[in-house]
Amino acid sequence: MAVTFPTDLEIARKARLLPMPEIADRMGIGSHLLEPYGHDVAKIKLEAVDELKDRPKAKYVVVSAITPTPLGEGKTTTTVGLGDALGRIGKRATVAIRQPSMGPTFGIKGGAAGGGHSQVVPMERLNLHLTGDFHAVTSAHNLLAAMIDNYIHHSLRDFPIDLHSITWRRVLDVSDRVLRSVVVGLGAPEDGVTRQTGFDITAASEVMAVLALSTSLQDMRQRLGRMVIGLARDGKPITADFLHAGGAMTVIMLDAIKPNLLQTLENTPVLVHAGPFGNIANGASSVLADMIGIHGGDFLVTEAGFGADMGAERFFNIKCRTSGLAPDAAVIVTTVRALKVHSGKYRVVAGRPLPPELLKENPDDVMAGAANLRKQVENIQIHGVTPVVAINAFPGDHPSEHQAIRELSEHLGVRSAVCNNFVEGGKGAIELAEMVAAAADEPSHFQLLYPDAATLREKIEAVALRIYGARGVEYDPVAGKQLDAFEANGFGRLPVCIAKTHLSISFDPKLKGAPTGWVLPVREVRASVGAGFIYPICGEMRTMPGLPTTPIAASIDINEKGEIVGLS
């Protein structure tokens, strides 16, 4: 008789949620610092940063991964499971994650609240509107877009903006490919100046990156004001404050800057705040959430988007550079199926069944893809952080395949643990919790990959050669001129955030494992001056996803009881 595992939504609905003041109390946060959003979500006032700052710091753990398949490898599920498991071994833990975007929720990926018995709840609210932070980012971003076009309409003759230099597009928290390139200003002269522009998904907004990297309300105000939207014809940057938009944008973001407090199925506190795009931004939850969570117990467990070559590298060199916090340990999530894909023998496509051969017992295929895990372990160690390998177990795995990964980890000199928390909850990640606690007790030697004073080219090359394993970097002529202009305009001290595919350590998603001998092509360079980084673009980057043939939205509905169905 076949056993059907309940859906994430069914599991989440059975959760026994504690009142938010009790969850906050587990972090040592008084109810006077909470702003309730119903009975199961609250915001934490920014006064908490100062009130908690003199308390001891928790051990700081970042969860990263090997290079994932298009299906993802369960990084959030592992993060949540680790937080719960730490509680089971007597440690007070707080989890910090990004807020999911509704684009993937209704598209092909589904929600991002964890999975199975390692979830953040309430699952529906987390994956949909939550406290409206994404809507605030959307509104603030689009207000600036409206003020740009209003300025062009009324003042172009007085101050000639180079219309072709304007990089500020509009955003929506949907996946809608037809909006990638649009023409605005059609109609009568009073309808504005006709020009080509487009839409990105809200997670790709620089306002979202600003939210994630701000350290205070006043810091956010300054960052929003110095965002560069384009150039004057003399090449000088035009900022949001030049258009007098920074103040109004900050007002829209007044509530959004406060971190959200939720809980896991096992009532571990969870800070959910910000959701910057993982390809062109730092792909991690907010600095402010960590500034609060780091004083909330024994461990703060957070995560960084995609593989260690992207998420962890940016976590170390952008987020930690901004916050001043130093990680004590790192987790690298791996799966049997992902390592088999990195053998180069299999092709996984989102929305399609896994190749049958991929599911057969074959530890040799696991070892054939081991180069990727080996390189991602090295990428953590380069920063002086101790890694622990988390083997996220799937029902179709075989013990021999898990054993192969354990033996590889032992050969690399790092701890490993098999995680069954998707099925068992925190109990299934106790081994991982014990390994992480031991790793975090070791002396930390955290170091940044490059100094602020390095040139932008030196920073790009440090990431390309040391983290990606490239042989060199080639710059298109346009990219070279852009780098020179950014240096001349005083942006040279900013860190770099290389925009590339997440499906390979290289720039080419078809290159699996840990390819060598290749050259990183930089075709364009853009500046997120407000957020505080420069992002070189390598390969084709889609900042507005499209929907698949059968989007998840097609199966989401309301039943006769008024309950949401089909959300995953």
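It should be noted that the structure appears before, not after, this text.
Structural notes, computed from the coordinates. (Residues numbered from 1 in each chain as written. Predicted model: local features only at pLDDT ≥ 70, side-chain atom pairs only at ≥ 80, totals over all residues. Heavy atoms only, no water.)

1. Let's talk about the overall build of the chain
Logical step 1: Scanning the chain from terminus to terminus reveals 20 helices and 24 strands.
Logical step 2: Taking 568 residues into account, the globule formula puts the C-alpha radius of gyration at 24 Å, and the chain, at 23 Å, falls close to it.
Logical step 3: Overall size of the chain, expressed as C-alpha extent along the three principal axes, is 75 × 55 × 50 Å.
Logical step 4: Across the 568 residues in the chain, those meeting the buried criterion constitute 58%. (Helix = DSSP H or I, 4+ residues; strand = E, 2+ residues; numbered from the N terminus. Rg over C-alpha atoms; globule rule 2.2 N^0.38 Å. Buried < 20%, exposed > 50% of the residue type's maximum accessible area, 1.4 Å probe, protein only.)

2. Considering the pattern of salt bridges
One side chain can pair with another of opposite charge once the charged atoms of both are near each other.
Logical step 1: In total, this model carries 27 salt bridges according to the counting rule given.
Logical step 2: The partner of R221 in a salt bridge is D241, with the nearest N and O atoms 3.1 Å apart. On the criterion of sequence distance, the pair formed by R221 in helix α9 (residues 217-225) and D241 in the loop between β12 (237-239) and α10 (246-252) is long-range, its members being 20 residues apart.
Logical step 3: With a relative accessible area of 32%, D241 lands in the partly exposed category.
Logical step 4: Among the charged side chains, a salt-bridge network with shared partners connects E35, D255 and K258. (Salt bridge = Lys/Arg side-chain N within 4 Å of Asp/Glu carboxyl O.)

3. Description of the environment of G192
Logical step 1: Looking at the element boundaries, G192 is found in the loop between β8 (182-184) and β9 (195-197).
Logical step 2: In this structure, the C-alpha to C-alpha distance between G192 and H154, residues 38 residues apart in sequence, is 8.8 Å.
Logical step 3: Here G192 is in contact with H153 and G185, once residues within four sequence places are set aside. (Contact = heavy atoms within 4.5 Å.)

4. Describing the packing of aromatic side chains
Logical step 1: Considering all chains together, one arrives at eight aromatic pairs under this definition.
Logical step 2: Look at Y60 and F315: their rings are 5.6 Å apart centre to centre, the planes differ by 50°, and that puts the pair in the tilted class. With Y60 in strand β3 (residues 59-65) and F315 in helix α12 (residues 308-323), this pair connects stretches of sequence that are 255 residues apart.
Logical step 3: For Y60, a relative accessible area of 1% gives the class buried.
Logical step 4: With a centroid separation of 6.4 Å and 65° between ring planes, the pair formed by F533 and Y535 is classed as edge-to-face.
Logical step 5: Taken together, Y60, F315, F316 and F446 form an aromatic cluster joined through their ring pairs.
Logical step 6: Against the face of Y475 rests R457, its NZ or CZ located 5.5 Å from the ring centre.
Logical step 7: If you follow K500 out to its NZ or CZ, it ends over the ring of Y468, 4.9 Å from the centre. (Phe/Tyr/Trp six-rings, centres within 6.5 Å; stacked < 30°, edge-to-face > 60°. Lys NZ or Arg CZ within 6 Å of the ring centre and 35° of its normal.)

5. Some thoughts on the packing of α12 against helix α15 (residues 370-382)
Logical step 1: At a closest axis distance of 10 Å, the pairing of α12 and α15 adopts a crossing angle of 5°. With respect to α15, the element α12 is oriented roughly parallel. Along the contact surface, α12 presents A308, D309, A312 and F316, while α15 presents Q376, N379 and I380.
Logical step 2: Taken together, the residues of the contact of α12 with α15 sort by class into four nonpolar, two polar and one charged. (Axes fitted to C-alpha atoms, helices over the stretch in contact; angles between N-to-C directions. Parallel < 35°, antiparallel > 145°, perpendicular 65-115°, else oblique. Nonpolar A, V, L, I, M, F, W, Y, C, P; charged D, E, K, R; others polar.)

6. Quick notes on a nonpolar patch on the surface
Logical step 1: Taken together, F5, F422 and V423 make up a surface patch of nonpolar side chains, about 250 Å² in accessible area.
Logical step 2: Here V423 is to be found in helix α17 (residues 421-424). (Patch = residues over 30% accessible without salt bridge, like charges linked within 9 Å, V, L, I, M, F, W, Y side chains within 5 Å. Areas by Shrake-Rupley, 256 points an atom, 1.4 Å probe, with all protein chains shown as cover.)

7. Quick look at the packing of α15 against helix α19 (residues 456-468)
Logical step 1: Two elements in contact, α15 and α19, have axes whose closest approach is 9 Å; the angle formed by their N-to-C orientations is 130°. As far as their axial angle goes, α19 and α15 are oblique. Residue-level contacts link K375, E378, N379 and I382 of α15 to R466, I467 and Y468 of α19.

8. Points about the pairing of β3
Regular strands place side chains that alternate from one sheet face to the opposite one.
Logical step 1: Summarising burial for β3: six of the seven residues are buried, a large majority.
Logical step 2: The pairing of β3 with strand β16 (residues 329-334) spans five bridges and is classified as parallel. Each bridged residue has a counterpart across the sheet, and for V61 the counterpart in β16 is A329. (Pairing = 2+ DSSP bridges.)

9. So, the pairing of strand β22 (residues 533-537)
Logical step 1: Judged by how many residues are buried, β22 sits mostly within the fold: five of five residues are covered.
Logical step 2: Across five bridges, the pairing between strand β21 (residues 524-528) and β22 is antiparallel. Within the sheet, the bridge partner assigned to V525 lies in β22 and is P536.
Logical step 3: In sequence, β21 turns back onto β22 through a hairpin of four residues, with G532 there showing a positive phi of about 105°.

10. Focus: the environment of Q447
Logical step 1: Structurally, Q447 can be placed in the loop between α18 (430-440) and α19.
Logical step 2: For the pair Q447 and D40, spaced 407 residues apart in sequence, the C-alpha separation works out to 39 Å.
Logical step 3: Setting aside chain neighbours within four positions, we find Q447 in contact with I382, H383 and G384.

11. Concerning the side chain of N379
Logical step 1: Topologically, N379 is positioned in helix α15.
Logical step 2: With residues near it in sequence (within four places) discarded, N379 still touches D309, R466 and I467.

12. Here we look at unusual backbone geometry
Logical step 1: In the segment running from V121 into P122, the intervening peptide bond is cis, with an omega of 5°.
Logical step 2: Inspection of the secondary structure assignment puts P122 in the loop between β6 (118-121) and α6 (123-127).
Logical step 3: One non-glycine residue, N267, adopts positive backbone phi at about 70°.
Logical step 4: If you trace the backbone, N267 turns up in the loop between β13 (260-264) and β14 (269-272).
Logical step 5: Not every positive phi belongs to a glycine, and F306 is a case in point at roughly 60°.
Logical step 6: Looking at the element boundaries, F306 is found in the loop between β15 (299-303) and α12.

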